[in-house]
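Overview (structure and organization)
Each chain is listed here by its residues.
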Amino acid sequence: MCRSMRRLSWLSATLLALSLVSPVAAGPAESVLSAINSARAKAGCGPLRLNGKLVAAAKAHARAMAEQNFFGHAGKDGSRFSNRIKRQGYSYSTAAENIAAGQKSASQVVASWMKSSGHRRNILNCRMTETGIAVVYQAEDRPIRGNPAPLRYYWVQVFAAPG
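What counts, and at which threshold
Per chain, the residues get numbers from 1 upward, laid out in the order the sequence is written. For this predicted model, a pLDDT threshold of at least 70 governs which residues receive local features, and a threshold of 80 or more governs which side-chain atom pairs are given and counted, while totals over whole chains, interfaces and linings are taken from all residues. Here the side-chain values reflect all heavy atoms present in the structure, with hydrogen atoms and water set aside. In this description, a disulfide is simply a cysteine sulfur pair whose atoms lie within 2.5 Å. Helix and strand assignments follow DSSP, with helices taken as H or I runs no shorter than four residues and strands as E runs no shorter than two, numbered in order from the N terminus. Buried residues are those whose accessible area, probed at 1.4 Å on protein chains only, stays under 20% of the maximum for their type, while exposed residues exceed 50% and partly exposed ones sit between those limits. Strand pairing follows a simple DSSP-based rule, namely that at least 2 bridges must link the two strands. Between N or O atoms, a polar contact is any pair within 3.5 Å; within protein, one atom must be a potential hydrogen donor and the other a potential acceptor, and residues adjacent in sequence are included only when both atoms are from side chains. Note on definitions: a residue-residue contact is assigned when non-hydrogen atoms from the two residues lie within 4.5 Å. For Phe, Tyr and Trp, rings pair up if their centres lie within 6.5 Å, where Trp contributes its six-membered ring, and each pair is then called stacked (planes under 30 degrees apart), edge-to-face (over 60) or tilted (otherwise). When a carboxyl oxygen of Asp or Glu is within 4 Å of a side-chain nitrogen of Lys or Arg, the pair counts as a salt bridge. In this description, a line fitted to the C-alpha atoms serves as the axis of each element, helices being fitted only across the stretch in contact, and the angle between N-to-C directions of two axes falls anywhere from 0 to 180 degrees.

What follows deals with the state of the cysteines. The full count for this structure, using the stated rule, is one disulfide. A sulfur-sulfur distance of 1.9 Å marks the disulfide that ties Cys45 to Cys126. Negative torsions about the S-S bond denote left-handed disulfides, and the value of about -70 degrees found for Cys45 with Cys126 makes this one left-handed. Taken together, the residues Cys45 in the loop between α2 (28-42) and β1 (49-50) and Cys126 in the loop between α6 (117-123) and β3 (130-137) connect sequence positions 81 residues apart. For Cys126, a relative accessible area of 43% puts it in the partly exposed group.

Strand β4 (residues 153-162) sits mainly inside the fold: eight of its 10 residues count as buried. Examined bridge by bridge, strand β2 (residues 92-101) and β4 share nine bridges and lie antiparallel to one another. Its bridge partner lying in β4, Ile99 is registered against Val156. In the sheet, β3 pairs with β4 via eight bridges, with the strands oriented antiparallel. If you follow Tyr137 over to β4, its bridge partner there is Tyr153.

Let us now look at the side chain of Asn98. Assignment of secondary structure puts Asn98 in strand β2. Taking relative accessible area as the criterion, Asn98 reaches 0% and is therefore assigned buried. Among the polar contacts made by the side chain of Asn98, one reaches the side chain of Asn122 at a distance of 2.8 Å. Filtering out sequence-adjacent residues up to four positions away, Asn98 remains in contact with His73, Trp113, His119, Asn122, Ile123, Trp155, Val156, Gln157 and Phe159.

What follows concerns the packing of aromatic side chains. Per the stated rule, a full pass over the model turns up one aromatic pair. A centroid spacing of 4.7 Å and a plane angle of 50 degrees characterise the contact between Tyr137 and Tyr153, whose relative ring orientation is tilted. Of this pair, Tyr137 sits in strand β3 while Tyr153 sits in strand β4, and the two are 16 residues apart along the sequence. For Tyr137, a relative accessible area of 45% translates into the label partly exposed. Accessibility expressed as a relative area gives 22% for Tyr153, which makes it partly exposed.

Under the criterion given, the structure shown has three salt bridges. In this structure, Arg49 engages Glu130 in a salt bridge whose closest nitrogen and oxygen atoms are separated by 3.4 Å. Within this pair, whereas Arg49 is found in strand β1, its partner Glu130 is found in strand β3, the two being separated by 81 residues in sequence. Since its relative accessible area comes to 47%, Arg49 is described here as partly exposed.

The next thing to look at is the environment of Arg49. Distance in space between the C-alpha atoms of Arg49 and Phe159 is 9.7 Å, their sequence separation being 110 residues. Apart from the residues lying within four places of it in its own chain, the contact partners of Arg49 are Thr129, Glu130 and Thr131. Within the structure, the side chain of Arg49 is placed 3.4 Å from the side chain of Glu130, a separation counted as a polar contact.

Attention now moves to the sheet that holds β1. What holds strands together in a sheet is hydrogen bonding between their backbones, with the strands either parallel or antiparallel. Taken together, four strands build an open sheet; the order of strands is β1-β3-β4-β2 and the sheet is mixed. Lying at the two open borders of the sheet, with one neighbouring strand each, are β1 and β2. Across two bridges, the pairing between β1 and β3 is parallel. Considered in β3, the bridge of Leu50 is made with Thr131. Together, β1, β2, β3 and β4 form the strand contacts of helix α3 (residues 52-68), whose direction differs from that of β3 by roughly 30 degrees.

In structure tokens form, the structure reads like this:
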């Protein structure tokens, strides 16, 4: 086989291999954001944008719930979502928080939130423009009092409008 044919064969094989590679799947936060923004669009709201400080606030609370074995808007240190947002240096005019636990996927958590009037109200609040989303998986989770099984997945979405 001549050199140009080998190059052509190598190029064809490389292009074929690249075409078979599936695109990188979106992470859970991006999947939640996409579904939330789709629901917001249907309600006439603009899309939410991820904000690093809000992501940090969401991640800190999701991690605290998973590691300290509790589920609630108030942290074991007494903090509320407003405190956690301010700790990250984010100044807001309005803010809210959705939490969930036990849902294994982004689609499950969004469906759960959309079925709850309070969570749905936060999602469809057109005044909110930025968000932070986090999920923490706790493999060695223990059941929280009142639950027969461990929750393992802890979700937090923080909403805000800068102020």
